[in-house]
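# Fold and contact review
Single-letter residue listing:
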Amino acid sequence: MLTIKHFSKSYKGGKKAVNDLNLVVEKGDIYGFIGHNGAGKTTTIRSVVGVLDFEEGDIEIDGISIKKDPVACKTVTAYIPDNPDLYDHLTGIQYLNFIGDLFSVSKADRESLIKKYSDAFQITASLGNMISSYSHGMKQKLAIISALIHKPKLLVLDEPFVGLDPKAAHVLKTIMADLCSNGSAIFFSTHVLDVAEKLCNKIAIIKAGQLITHGKTEEVKGDKSLEDVFLGLIDND
Amino acid sequence: MLLLSIGILMGVVMIAVASFGYSFMVAQTFEQIGRMDLLLAIMMAAASIIGFFTTIYKASGVLFGFKDYDLVMSLPIKTSHVVASRVLQLYLLNLFFTLMVMLPAGAVYAIKVNPEALYYLFFLMALWFIPLLPIIAASIIGALISWVSSRFKASRMISIILTFVVIIAVMIGSFRINGNEQVLTDMSTQLADMIFKLYPLAAMYVDAVCSYQMGSLLLFIMISVLTFVLFATVLGTRYKAIHTGLTTSHASSKYVMKPLAASSPFRALYKKELRRYMSSSIYVLNTSVGMVLLLVMSIALLFISSEKLGQLIEIPQLSNYLSKLAPLVVSLFITLSCTTSSSISLEGNNVWILKSSPVSKQTILLSKVAVNLTITMPISIVSCVMLMISLRTSWMESLLLLVIPLIYACYSALMGVIVNIKLPNLEWTSEVTVVKQSAAVLVSMLIGFISLVIPFGISLLLSHVNGNLILLGIGIIIMAVCSVMYRYIQTNGEQLFRAL
């Protein structure tokens, strides 16, 4: 579903944020992307979803290069950034309808899916309010709903659990599992290693822009906890 | 970036030279009547009026509309100091105009009068305090408007309407003063008396700088500084309440799912952009003041004939010029109303939504152009119809009056969006920095201005040639430029947007 080939990204001044990254996320995968602050997770994620331009390597979604046909790639992808900066001047429902329009979601689908997910996240009653009045957690819930209403084949999330209350975090985990059982793929970054260990079937660990290990969760962690493996790899050299 | 810096520098030099030329011309009249002090009085009053006018509609935005409010207010700083820092931001914005007016005037005065060394000292000392009082006067009005608006549900809309009411009232008021006295260009002691009567600080300033009165200088500085401190302290006591009133949304928890209307991506982007526009009072005020002035002027001309207006401002040929050049005059107001030159920068942290959406970036850019045209085109058409009646234009003149501004509306909107995508500023904390001070806004204003100055110049220089023919030629050229820009967006929009 997602193939990252020899992806490198440098910032002004020549510093490499990510160096020669190779990764494959298959249908049905819940792929956890782990690394310390500044390791290159967000840079990779932003490049995958077409927010950040890059020069070296290629990224393919559903077999299509994001560079060659970005619109086709974005049609099947949903993205939730680490900070849900949404349009403060719209109401929650206006925002969701706007996203529905951009992704050409049918009227019937958008109405039923908005109801389904906003009920699940318990924010239906607040959808008529301006987003500027929302708390961080409510914005995060709205961003998640907007990502789900167009039934993406690939869901890319950057720290999706930050700001969510325990109930909402549980709802999100259930939805993620449901999506993957229906053939979608999820690629997400997180610092919550417990969640990654329990939720993900595959894990990649990145350090200073280099992929240091990746594969099936059981193979990566062996008989240790993911936390021990992560700390061991990060503290090495 | 080097080209941009050179361009801005050239612009500054051009303004300074024009200002010097104007001061020099005016000074010749005062020299004849032996009242060179009037030059500084008039220029000081002019700088103050510019400061007042340019501050009144952005005061509310600068004082209350900044994103890092929570961060700033949680710091161990007095609220009055926060207010003072906001007013000082307005001060810095205005200092440029004051320097552009006063430095050349001061130089002309020095050349003509050859004053004592004390003049230079007093002139340079007083210079920095000239913009303070006009800015505070405008800020008081801005803060009052915000205070009144903050008590209503639709606070932003009320704030926009009240600001326009004040601007139009001040304009009509000043026009009536000028009209009654009939002294707009009759530079005489009468005018100076009027300035001193209306703005006593100008008298104090002239006394200090031209007559080397230490007392007047100290009084001038003291009044300016004390008013500033008093304003900051008084507003400091109501600051949080006003900010809360302006920024708090009226939230209820009663929404029930209703049927939703689906739109095409373009229509959805257009509606979103229009809502964005209406949500920011500084954006609306800054980009629609030109259209409001155009409408007021067109209505006024229905009641005052252009001949009478010509007599009033002592340009007897005005009615002639006006019917010939009206399409360009209307176009000038349109280029002042360019919303697109800041529309991409205003996406700010939200830009990820558009960048990750499966919509061609050309569609996004064109939706921004469409919003600009929604603001300029209807008012332009209504104003032009009124101008056709008041100026009694021929059918050809009427046609040009209707079409040329519409072509310029397309030109201005397309040019603004291209300039903004080339010079974006997505990292901002206050909308004022994008709407008022960003490089994209300055550059597109400069290009818009040049695009009109050249046709104006050609029309005036070739006055023996049929004016309609010249306008027709200009229209065709601008239309060709529009089609080139449209094509540029179609072919390069995707790549340019990705590079943001």
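Parameters and conventions
Every chain begins its residue count from 1, and numbering advances along the sequence as written. The order in which chains are written sets their letters, starting at A; the order in which ligands are written sets their numbers, starting at 1. Two thresholds apply to this predicted model, a pLDDT of at least 70 for residue-level local features and 80 or more for giving and counting side-chain atom pairs, whereas whole-chain, interface and lining totals are computed over all residues. As a rule here, side-chain values cover all heavy atoms of the structure and leave hydrogens and water aside. At least two bridges found by DSSP between two strands is the condition for calling them paired. Per the convention used, a helix needs a DSSP run of H or I reaching at least four residues, while a strand needs a run of E reaching at least two, with both numbered from the N terminus. The definitions used throughout rest on a 1 Å grid laid over the protein atoms alone, on which a cavity is an enclosed set of points accommodating a 1.4 Å probe that cannot get out and a pocket is an open set flanked by protein within 12 Å on both sides along at least five of seven lines; lining residues are those having an atom within 4 Å of a point. Grid points are joined across faces, edges and corners, and a volume is the space filled by probe spheres set on the points. Two axes define the bend at a residue: one fitted to the seven residues ending there, one fitted to the seven starting there, and the bend is the angle between them. Each residue's exposure class comes from its accessible area (1.4 Å probe, protein chains only) as a fraction of the maximum for that residue type: buried when under 20%, exposed when over 50%, partly exposed otherwise. UniProt positions are given in the numbering used here, feature names are shortened, and annotations may be inferred rather than shown by experiment. It only takes one pair of heavy atoms within 4.5 Å for two residues to be counted as in contact. Buried surface area refers to the total accessible area, computed with a probe of radius 1.4 Å, that the two partners give up upon joining, counted for both partners together. Think of a salt bridge as a Lys or Arg side-chain nitrogen and an Asp or Glu carboxyl oxygen that are within 4 Å of each other. Note on method: axes are straight lines fitted to C-alpha atoms, helices fitted across the in-contact stretch only, with angles between N-to-C directions ranging 0 to 180 degrees. Geometric relationships in this document are graded by angle, where less than 35 degrees denotes roughly parallel, more than 145 denotes roughly antiparallel, 65 to 115 denotes roughly perpendicular, and other angles denote oblique. Here a crossing is taken to be left-handed if its near helix is turned anticlockwise relative to the far helix by less than a right angle, and right-handed if that turn runs clockwise. We call Asp, Glu, Lys and Arg charged. Ala, Val, Leu, Ile, Met, Phe, Trp, Tyr, Cys and Pro are nonpolar, and the rest, Gly among them, are polar. One less than the residue count of a helix, multiplied by 1.5 Å, gives the span that helix is expected to have. Geometry of aromatic contacts follows a simple scheme: Phe, Tyr and Trp rings, the Trp one being its six-membered ring, pair when their centres are within 6.5 Å, and the pair is stacked under 30 degrees between planes, edge-to-face over 60, tilted otherwise. Every residue gets a pLDDT, meaning the predictor's confidence in that residue, from 0 to 100.

## Concerning the sheet that holds strand E5 (residues 64-65) of chain A
Where strands meet in a sheet, backbone hydrogen bonds hold them as pairs that are either parallel or antiparallel. Residues and elements named next belong to chain A. Strands sit in the order E2-E1-E4-E5 across an open sheet of four strands; the sheet is antiparallel. Pairing within the sheet leaves two strands with one partner each, and these edge strands are strand E2 (16-25) and E5. Taken together, the six bridges between strand E1 (residues 2-10) and E2 define a ladder with antiparallel strand orientation. Among the inter-strand pairings, Ile-4 is bridged to a residue of E2, identified as Leu-23.

## Side note on empty space enclosed by the protein
This structure, assessed with the given rule, holds five cavities of 30 Å³ or more. By volume, the largest cavity amounts to about 130 Å³. Elements with a contribution of two residues or more to the lining of the largest cavity: strand E6 (77-80), helix H3 (92-102) and helix H5 (136-148) of chain A together with helix H16 (351-355) of chain B. Per-element tally for the lining of the largest cavity: the top contributor is E6 of chain A, with three residues.

## A look at helix H5 (residues 79-113) of chain B
Taken as a whole, H5 of chain B carries its principal kink of about 30 degrees at Asn-94 of chain B. Of the residues flanking the end of H5 of chain B, it is Asn-114 of chain B, one or two places downstream, whose phi is positive at about 55 degrees.

## Section: the layout of surface pockets
Here the second largest pocket is characterised by a volume of approximately 1,200 Å³. What lines the second largest pocket is a set of 41 residues, among which Asp-88 of chain A together with Phe-66, Lys-67, Arg-156 and Thr-247 of chain B lie closest to the centre.

## A closer look at the pairing of strand E3 (residues 30-34) of chain A
All names here are of chain A. Within E3, five of the five residues are buried, which leaves the element mostly enclosed by the surrounding structure. Alternating residues of E3 divide into Ile-30, Gly-32 and Ile-34 and Tyr-31 and Phe-33, and every residue in both groups is buried. Judged from the four bridges that link them, E3 and strand E9 (residues 202-207) form a sheet pairing that is parallel. Among the inter-strand pairings, Ile-34 is bridged to a residue of E9, identified as Ile-205.

## Some points on the UniProt feature "domain: ABC transporter" (unreviewed entry) in chain A
Listed under "domain: ABC transporter" (unreviewed entry) in the UniProt record, and renumbered for this structure, are residues 2-233 of chain A. In the segment residues 2-233 of chain A, helix accounts for 38% and strand for 25%; the C-alpha atoms at its two ends are 25 Å apart.

## Things to note about the interface of chain B and chain A
With 37 residues of chain B at the contact, the number on the chain A side is 40 residues. For the pair chain B and chain A, the two sides together bury roughly 3,500 Å², of which 63% comes from carbon and sulfur. Remark: the boundary between chain B and chain A carries one salt bridge. One salt bridge in this structure joins Asp-53 of chain A and Arg-498 of chain B, with 4.0 Å as the shortest N-O distance.

## Some words on the packing of H3 of chain A against helix H12 (residues 265-278) of chain B
For any two helices packed against each other, the geometry comes down to the angle between their axes and how far apart the axes lie. At their nearest, the axes of H3 of chain A and H12 of chain B sit 8 Å apart, and the two run at 150 degrees to each other. Relative to H12 of chain B, the element H3 of chain A is oriented roughly antiparallel. At the point where H3 of chain A passes H12 of chain B, the crossing takes the left-handed sense. Judged by residue contacts, Gln-94, Phe-98, Asp-101 and Leu-102 of chain A of H3 of chain A engage Pro-265, Ala-268, Leu-269, Lys-272 and Arg-275 of chain B from H12 of chain B. Residue classes in the contact of H3 of chain A with H12 of chain B are distributed as five nonpolar, one polar and three charged.

## Considerations on helix H2 (residues 37-56) of chain B
Counted at 1.5 Å a residue, the expected span for H2 of chain B with its 20 residues is 28 Å, and the 29 Å between its end C-alpha atoms agrees. Along H2 of chain B, 16 of the 20 residues are buried, which leaves the element largely enclosed by surrounding structure.

## Focus: the packing of aromatic side chains
Describing an aromatic ring pair means giving the distance of the ring centres and the angle of the ring planes. The full count for this structure, using the stated rule, is 16 aromatic pairs over all chains. Aromatic pair Tyr-87 of chain A and Tyr-95 of chain A: ring centres 6.2 Å apart, planes at 65 degrees, arrangement edge-to-face. In this pair, the class of Tyr-87 of chain A matches that of Tyr-95 of chain A, namely buried. Summarising the aromatic geometry, the rings of Phe-96 of chain B and Phe-97 of chain B are spaced 5.4 Å apart at their centres and angled 75 degrees between planes, so their arrangement reads as edge-to-face.

## Focus: the confidence of the model for chain B
All names here are of chain B. Per-chain confidence: chain B averages 83 in pLDDT, with 90% of residues scoring 70 or above. Below a pLDDT of 50 lies the segment residues 177-185, which in the model reaches 15 contacts outside its immediate sequence neighbourhood of four places, other chains included. Here the predicted complex carries an ipTM of 0.91, next to a pTM of 0.79.

## Here's the deal with unusual backbone geometry
Positioned with a positive phi, Asp-20 of chain A is a non-glycine residue whose angle comes to about 50 degrees. Locating Asp-20 of chain A in the fold gives a position in strand E2. At Asn-114 of chain B, a position not held by glycine, the phi torsion is positive, near 55 degrees. Looking at the secondary structure, you find Asn-114 of chain B in the loop between H5 and helix H6 (117-127).

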